[in-house]
There are 4 protein chains.
Amino acid sequence: MYFYSDNCGPMHPNVRAALLAADEGFMPSYGNDPIMDEVRDQIRDLFGAPDAAVYLVATGTAANALGLATITKPWDTVFCTSLAHINVDECNAPEFYTGGAKLSLVGSGDKMTPEALEQRITGYGTGNVHTSQRGPVQITQVTEMGRLYTLGELRALTDVARAYGLPTFMDGARFANAMAALGCTAREMTVDAGIDALSFGGTKNGCAGVEAVVFFEPDHAWEFELRRKRGAHLVSKHRYLSAQMQGYLAEDTWLKAGAQANANAARLTAGLRGVVGLEFVEEPEANMIFATLPRHAHQTLKAGGAEYGLWGDLEGDPDERVMMRLVCDWSITHAMIDEFLDLARGLT
Amino acid sequence: MYFYSDNCGPMHPNVRAALLAADEGFMPSYGNDPIMDEVRDQIRDLFGAPDAAVYLVATGTAANALGLATITKPWDTVFCTSLAHINVDECNAPEFYTGGAKLSLVGSGDKMTPEALEQRITGYGTGNVHTSQRGPVQITQVTEMGRLYTLGELRALTDVARAYGLPTFMDGARFANAMAALGCTAREMTVDAGIDALSFGGTKNGCAGVEAVVFFEPDHAWEFELRRKRGAHLVSKHRYLSAQMQGYLAEDTWLKAGAQANANAARLTAGLRGVVGLEFVEEPEANMIFATLPRHAHQTLKAGGAEYGLWGDLEGDPDERVMMRLVCDWSITHAMIDEFLDLARGLT
Amino acid sequence: MYFYSDNCGPMHPNVRAALLAADEGFMPSYGNDPIMDEVRDQIRDLFGAPDAAVYLVATGTAANALGLATITKPWDTVFCTSLAHINVDECNAPEFYTGGAKLSLVGSGDKMTPEALEQRITGYGTGNVHTSQRGPVQITQVTEMGRLYTLGELRALTDVARAYGLPTFMDGARFANAMAALGCTAREMTVDAGIDALSFGGTKNGCAGVEAVVFFEPDHAWEFELRRKRGAHLVSKHRYLSAQMQGYLAEDTWLKAGAQANANAARLTAGLRGVVGLEFVEEPEANMIFATLPRHAHQTLKAGGAEYGLWGDLEGDPDERVMMRLVCDWSITHAMIDEFLDLARGLT
Amino acid sequence: MYFYSDNCGPMHPNVRAALLAADEGFMPSYGNDPIMDEVRDQIRDLFGAPDAAVYLVATGTAANALGLATITKPWDTVFCTSLAHINVDECNAPEFYTGGAKLSLVGSGDKMTPEALEQRITGYGTGNVHTSQRGPVQITQVTEMGRLYTLGELRALTDVARAYGLPTFMDGARFANAMAALGCTAREMTVDAGIDALSFGGTKNGCAGVEAVVFFEPDHAWEFELRRKRGAHLVSKHRYLSAQMQGYLAEDTWLKAGAQANANAARLTAGLRGVVGLEFVEEPEANMIFATLPRHAHQTLKAGGAEYGLWGDLEGDPDERVMMRLVCDWSITHAMIDEFLDLARGLT
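Within every chain, residues take consecutive numbers counted from 1 along the sequence as written. For this description, chains carry letters from A and ligands carry numbers from 1, given in the order in which they are written. Residue-level local features of this predicted model are given only where pLDDT is at least 70; pairs of side-chain atoms are given and counted only at 80 or more, and the full residue set underlies all totals for whole chains, interfaces and linings. Think of the side-chain values as coming from all heavy atoms in the structure, minus any hydrogens and water.

1. Let's talk about the overall build of chain A
Runs of E in the DSSP output that reach at least two residues are strands. Runs of H or I that reach at least four are helices, and both are numbered from the N terminus. On a plain count of helices and strands, chain A comes out with 14 helices and 11 strands. For the C-alpha atoms alone, the extent of chain A along its principal axes is close to 60 × 55 × 35 Å. Each residue gets one of three labels from its accessible area relative to the maximum for its type: buried under 20%, exposed over 50%, partly exposed in between, using a 1.4 Å probe on protein chains only. Across the 348 residues in chain A, those meeting the buried criterion constitute 63%. A separation of at least 24 residues holds for 74% of the contacts in chain A among residues at least 6 apart in sequence. Accessible surface, chain A as shown: approximately 11,100 Å² in total, 49% of it carbon and sulfur. The criterion used for residue contact is that any of the two residues' heavy atoms lie within 4.5 Å. Per-residue and other accessible areas follow the Shrake-Rupley method at a 1.4 Å probe size, with only the shown protein chains counted as cover for residues.

Printed below as a string of structure tokens:
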């Protein structure tokens, strides 16, 4: 019953198979492997962007920090939500990689509205050397609270960015989950929605550790390559990144795995609706569930072997409600879900 | 005939087996996997340093840059050779990670002498706010020209560092090759030789991508963890790093692979002695061979399918001598070596 | 009628006299001038801190950025208000000098409460490598809205900082105005109130350009000196900074000038109370006045030659209320104030 | 007898007069003062560069670091001499302001040759992500050893830079001394000689603390303004910088002061030729003299009250030769020079 995160499961069989197939003989290093050529073409096709610059790195923070830094000046401020991964979970990596840019928080939650974004942008004047300068708009899809921006919501945000001449970057650590949930194409959720660059996550969805960074505007390509090397993120035996991505892209593995993760979360959600005392914090839309339960219920669940994130201590007032996060990846089994639900239902 | 680099070969079977064994079920992320606990203990045992702080990262540049930065202030200068990887091959990663420290080059080659080191150190005064401040001494073992520091040579360098109160860092990207060549213990080549911290390479010696960073003084541990996260080098599915290192350490795989690489290079070296017109730039001591040949010989070799590094153009004056680098990893076969030698011998 | 800022007036006669007196013959550079020795002692005496490290720089942003950076790690977050100068008016200088630290905003205004501060601090856990780490608490006295923290309020904030082991830094760009208004000693407003380090402003209060940075804990001294040099803020003909501070300290010039500035603002405030349609945004407590007037009133004032800051356009709906900032330094004359008031009273 | 440095003397009367004249009434801050408009025009005229971007800062290190950083990428290397101020005397300020660029040293002395420069440049390939990237060529005029580049020598260096598409930056801390010595125009020594940007020093030549940064290509203007503010080098009461530069430029004060400093050094040099045992390290060409004397001679000079720089200890083998630096600014009197010579002549 492991619902702690989608970075705790094994490789998807297709990813594993591709990794093993690549583990033979000699191959050029540092991204010059032929598998990367294939992967680059496939990703360009996927996004309908034949000129896109496509790169691989081993961590999601690297994808976000390097990708954002490439379109941010050190004196800029990045517009993002308070709960954005880049604000909350990366130990100042964006500030480090940008050379000291600031993050300006839009709202207090996981989703930004066009109105709040515009207000935040116009809070910074132009031509004024004293303030931070207006920089990129960063959008996380799926959000940190497991919610989605619809295509219309994305477009509304990027329209604001466009109106002020600001580039847009999507944190797509759970890109596949979002696309599966929205039922749209990769191009619709990015190029057509006004996104300039993104990270395309693999690690949380069946890979061992690989994320693509995609710039639809290839002018940034060489600078990104220098930033990646300088950041120590150019992997020497790059074939092992390429091969993971190759297996991930083959046979729509990535999309199917994202859909499977969502379906797992939906099954879990449906079951949780019958749990007395449980309240959803947000209506789950992808593969993450945020809900509250009284502390005594958590104590029982944890004692029963359930693993998940808890926003508070396990010890304390037994009736106090404490927030939990349950995450499903593609590898969660129905048996695990049902075992958890049985445990949860016995709580009342 | 792939002698281009030791980052072009496949995983060692033991590393591959450990990676696959770890690819099952759920495991805590971000270095909290139980395999890492095992690996940490093994590395402490290996170096006879029960308190050492031990971390894993995915690239050699990350190991060097993060490790060095942890013991360098932004206003310091690092003492290293002109040919050091951190000076020549990392696109300013050390400067980036240290927040703008300088590298002061000791000599013009791949090895430093105690005299040259001391002269360089004393070139910077103390208590003078105008100059860079004296920082760590960085030593590469095996050097970039494939040579070794003896234990005595290492001790002589660290004695100088110690005399000036400066910490020492070893770039051990080819640590195993060095140890196999010297026939000493890991502790003799580090703790006993006055090394304070090092990178312990896996990638060039049979791993897919993993390097350990070891601090014999654990005071730096927490700062390193923050630097690693901020640098986007804390891998989420960390078990895949841990497992590589587990397989690498098991049954002395690392040392045997290093010895095999050296033996391969020795076989190649022995054969090359009979090649008319070939001159060794340095007497090979580990798994790298630097030699010169007339350009026409390179043209024949390349036309015959040999892959290796060339310090110059393939086109030009046919009689001009051009330097080549031949590198052997553990996976190079006798057949490949002999095929290359046959080709080379036919050159005269 | 120049109420635009307190950085627009001339030198105080005492400062000017000291500057001129120092402008003779030869003197050691880079802070080794004998005037600095005198100034250092005087500042230590002023704060009752015989061991304090005392330095001079030429700009307020340098004092804040260098001072804060000395007690902040790159992975830390600084706690300050939303309106803090370091957040709003320094073009990411704090982020630059700290090497990429973050600012965490406490509340939405110019003053922080102990409750809000504590909530913000505890929003960051400890021992968690993913988040920014808890860093210094930064307090601006006089605030950006012209208000004061009482000694009790300061103590309450620094008690929170102390409880979490965090250092405190005071932006004292208007230190003299604050002290004059509170009627306390320099020691009471700093050391006794739990402040660890501060900038002690001269520029806005009669100097041409000099700020002292004071660390009550001298352990930071050498690091600050290196940071100052590296930041290009170690002035070579330092005597001209020292001399300004010498004149500023002599005969309590600084305190009298601050009191005069406050008195000027009080006279202006008293007069403004009779201006129909004017509303104070905050009750003025030092030398700055924030108030709103209908736009048409601003148009009349500006047409009449008044200079001050306006938070909005001069053109637009004539009845819309627009915020103004009026700042008095010591050099503002009664005649200027009365002229402005006459103009303002004619507005109704 | 104060020959320690040209940053130890008083303000030139013309500079002082302009500073005092500006110290009256209210004036816009942050560079918006009308004096700056006048100064900008004068500097553009001086260089025959009507579009040049012109800025003032308070220190030479700021002028160098901000100016260079504006035309350097963090992954670049700057080409300069081993003895360049930016390499030796700025505590990693260039590395800090560039965000971690490297300095590549051309030769081991104070002057570079076109051949050595080209060799250093071509030592870095292009399109190779592993190495530092080729960045600006930095030239110091007058050099750190008191020597000059002729106009032809400057042109030869900038021709090399141009051939590789690299920008050029001149450290003109002693620009006036160089121009006075060469007898050329400001335009001849910069624009016509292929210089793209420079610092134009005032501090060492009669100002209290002001340097201009000039970009002949104004595309860099806004970025420089942001960098200056972020670096905390935008002075609020900017009129005091403007006024110094105004007085410095008026009546060719700057050029006359530079010529006077050179004449003072020439008088000193002529006298030193008669001092038995003294050997010039370089033939003096501007306002600095480097020579060696036996230690016992230094002991006598120092005991006699002479102040100058010494490259070694005052105690030790009395016959060992130790290098000295004697610097003259415009304010050195004939009496001081003659007193020093009398003392020196009595040494034999």
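2. What to know about the side chain of C:N177
Mapping C:N177 onto the fold places it in helix α8 (residues 175-182). Beyond its immediate chain neighbours, meaning those up to four positions away, C:N177 contacts C:V142, C:G258, C:A261, C:N262, C:A286 and C:N287.

3. Observations regarding the interface of chain A and chain B
Taken together, the contacts link 48 residues of chain A with 48 residues of chain B. Once two parts are joined, some of their accessible surface, as seen by a 1.4 Å probe, is lost; buried area is that loss totalled over both. Roughly 4,200 Å² is buried in total at the junction of chain A and chain B, and carbon and sulfur atoms are behind 60% of that figure. Of all residues in chain A, the largest losses of buried area upon contact with chain B belong to A:F26, A:F96 and A:K237, amounting jointly to 20% of the total for that side. Each reported salt bridge corresponds to a side-chain nitrogen of Lys or Arg within 4 Å of a carboxyl oxygen of Asp or Glu. Taken together, chain A and chain B are joined by two salt bridges. Here B:R16 makes a salt bridge to A:D23, at a shortest N to O gap of 2.9 Å. For the side of chain A that touches chain B, the secondary structure elements donating two or more residues are α1 (13-22), α3 (60-70), α5 (93-98), α10 (221-230) and α11 (239-249) of chain A. Across the side of chain A that touches chain B, the residue classes break down as 24 nonpolar, 13 polar and 11 charged. Ten residue types, Ala, Val, Leu, Ile, Met, Phe, Trp, Tyr, Cys and Pro, are classed as nonpolar, four, Asp, Glu, Lys and Arg, as charged, and the remainder, Gly among them, as polar.

4. Here we look at the sheet that holds strand β5 (residues 168-172) of chain C
Residue and element names in this part refer to chain C. Judged by pairing direction, the sheet is mixed, and its seven strands sit side by side in the order β1-β7-β6-β5-β4-β2-β3 without closing on themselves. Edge positions in the open sheet fall to β1 (53-57) and β3 (102-106), since each of these has one partner strand only. Taken over all neighbouring pairs, the strand axes of this sheet differ in orientation by 25° on average, direction set aside. Here helix α2 (residues 34-47) sits on the sheet and contacts β1, β6 (197-201) and β7 (211-215); the angle it forms with β1, its principal contact strand, is near 120°. Where helix α6 (residues 114-122) meets the sheet, its contacts fall on β2 (76-81), β3 and β4 (133-140), and the angle it forms with β3 comes to roughly 140°. Between any two strands, pairing holds if DSSP finds at least two bridges. In this description, a line fitted to the C-alpha atoms serves as the axis of each element, helices being fitted only across the stretch in contact, and the angle between N-to-C directions of two axes falls anywhere from 0 to 180 degrees.

5. Here's the deal with the pairing of strand β9 (residues 288-294) of chain A
All names here are of chain A. Among the seven residues of β9, seven are classified as buried, and the element is accordingly described as predominantly covered. Burial along β9 is two-sided: the residues M288, F290, T292 and P294 and I289, A291 and L293 are all buried. Two strands pair when backbone bridges link them, and strand β8 (residues 279-280) and β9 are joined in this way by two bridges, in the antiparallel orientation. Across the sheet, the residue bridging to E279 is T292, located in β9. When β9 meets strand β11 (residues 321-327), the two strands line up antiparallel, connected through seven bridges. By the bridge assignment for β11, M288 is matched with V327.

6. Quick word on the sheet that holds β8(A)
Whether parallel or antiparallel, the strands of a sheet pair through hydrogen bonds between backbone atoms. All names here are of chain A. Read from one edge to the other, the open sheet built from four strands follows the order β8-β9-β11-β10, with strand pairing classed as antiparallel. Of all the strands in the sheet, just β8 and β10 (309-310) have a single pairing partner and so form its edges. In this structure, β10 lies alongside β11, joined through two bridges in antiparallel fashion. What sits directly across from G309, in β11, is R325. In this fold helix α12 (residues 253-272) packs onto β8, β9 and β11, with an angle of close to 25° to the strand it touches most, β9.

7. Let's talk about the pattern of salt bridges
Residues and elements named next belong to chain A. If you walk through the whole model with that rule in mind, you get 64 salt bridges over all chains. The partner of R174 in a salt bridge is D6, with the nearest N and O atoms 2.7 Å apart. Highlighted residues: R174 in the loop between β5 (168-172) and α8 (175-182) and D6 in the segment before α1, separated in sequence by 168 residues. When its relative accessible area of 5% is taken as the criterion, R174 is described as buried.

8. Quick notes on the packing of aromatic side chains
Aromatic pairs are defined between Phe, Tyr and Trp rings, using the six-membered ring for Trp, whenever the two ring centres lie within 6.5 Å; interplanar angles under 30 degrees are classed as stacked, those over 60 as edge-to-face, and all others as tilted. Under the criterion given, the structure shown has 66 aromatic pairs over all chains. Where A:F290 meets A:W311, the ring centres are 6.0 Å apart and the plane angle is 70°; that geometry is what we call edge-to-face. Of this pair, A:F290 sits in strand β9 while A:W311 sits in the loop between β10 and β11, placing them 21 residues apart in sequence. Centre to centre, the rings of D:F47 and D:F200 are 5.9 Å apart; their planes meet at 85°, and the pair counts as edge-to-face. Taken as a pair, D:F47 in helix α2 (residues 34-47) and D:F200 in strand β6 (residues 197-201) lie far apart in primary sequence, 153 residues in all. Look at D:F47 and you get buried, because its relative accessible area is 0%. By the ring-pair criterion, three or more aromatic residues cluster together here, those being A:F47, A:F175, A:F200, A:F216, A:Y248 and A:W254. The residue whose ring lies beneath C:K111 is C:Y149, and the NZ or CZ to ring-centre distance is 5.2 Å. Working rule: Lys NZ or Arg CZ, within 6 Å of ring centre, within 35 degrees of ring normal, means a charge sits over the ring.

9. Side note on the packing of helix α6 (residues 114-122) of chain B against helix α7 (residues 151-163) of chain B
Residue and element names in this part refer to chain B. Where α6 meets α7, the axes come as close as 9 Å, and the angle between the chain directions of the two elements is 20°. Regarding the angle of α6 to α7, the classification is roughly parallel. Crossing handedness for the pair α6 and α7: right-handed. Contacts between α6 and α7 involve P114, L117, E118 and I121 from the former and A156, L157 and V160 from the latter. Orientation is classified from the angle alone, with under 35 degrees giving roughly parallel, over 145 giving roughly antiparallel, 65 to 115 giving roughly perpendicular, and any other angle giving oblique. Crossings are assigned a handedness: left-handed for a near helix turned anticlockwise from the far helix by less than a right angle, right-handed for a clockwise turn.

10. Digging into helix α10 (residues 239-249) of chain C
All names here are of chain C. Within α10, 10 of the 11 residues are buried, leaving the element largely enclosed by the surrounding structure. Among all positions of α10, only R239, Y240, L241, S242, A243, Q244, M245, G247, Y248 and L249 are buried. Looking at the residues trailing α10, positive phi occurs at E251, about 55°.

11. Concerning the relation of the copies chain A and chain B
Each of the two chain copies can be generated from the other by rotation about an axis followed by a shift along it. The superposition of copies rests on a least-squares fit of C-alpha positions from residues with pLDDT of 70 or more in both. In the superposition of chain A on chain B (RMSD 0.0 Å, axial shift 0.0 Å), the rotation amounts to 180°. Interpreted geometrically, this transformation is the action of a two-fold axis. No C-alpha of chain A approaches the rotation axis more nearly than that of A:G231, which lies at 3.6 Å.

12. What to know about the interface of chain A and chain D
Facing 17 residues of chain A, the contacting portion of chain D comprises 17 residues. Of the roughly 1,600 Å² buried between chain A and chain D on both sides combined, carbon and sulfur atoms contribute 72%. Three residues, A:W75, A:V129 and A:H130, lead the burial of chain A against chain D; their summed loss comes to 40% of the area buried on that side. Linking chain A to chain D there are zero salt bridges. Whenever two N or O atoms come within 3.5 Å, that pair is a polar contact, provided that in protein one can donate a hydrogen and the other can accept it, and provided that, for residues adjacent in sequence, both atoms are side-chain atoms. Taken together, chain A and chain D are joined by four residue pairs in polar contact (both at pLDDT 80 or more). No other element matches the seven residues that α10(A) contributes to the side of chain A that touches chain D. Of the residues in the side of chain A that touches chain D, the class split is seven nonpolar, five polar and five charged.

13. Quick word on the domain arrangement of chain A
Residue and element names in this part refer to chain A. We note that the domain assignment places domain 1 (13-251) and domain 2 (254-345) within chain A. Where each domain begins and ends follows an automated or database-derived domain assignment. A C-alpha centroid distance of 28 Å is found between domain 1 and domain 2. When the two sides are added together, the surface that domain 1 and domain 2 hide from each other amounts to roughly 1,800 Å², 61% of it contributed by carbon and sulfur. When the buried area of domain 1 at its contact with domain 2 is split by residue, M145, R174 and N177 rank highest and sum to 27% of it. Elements that contribute at least two residues to the side of domain 1 that touches domain 2 include exactly α8 and α11. The element that contributes the greatest number of residues to the side of domain 1 that touches domain 2 is α8, accounting for six residues. Residue composition of the side of domain 1 that touches domain 2, grouped by class: 13 nonpolar, five polar and five charged.

14. So, the relation of the copies chain A and chain D
In screw terms, the move from chain A to chain D is a rotation of 180° and a rise of 0.0 Å along the axis, fitting with an RMSD of 0.0 Å. Here 100% of the interface residues in chain A have copies in chain D that are interface residues too; the copies meet face to matching face.

15. Here we look at the environment of D:C207
With respect to the helices and strands, D:C207 occurs in the loop between β6 and β7 (211-215). Counting along the chain gives 117 residues from D:C207 to D:M324, while the straight-line C-alpha distance between them is 25 Å.

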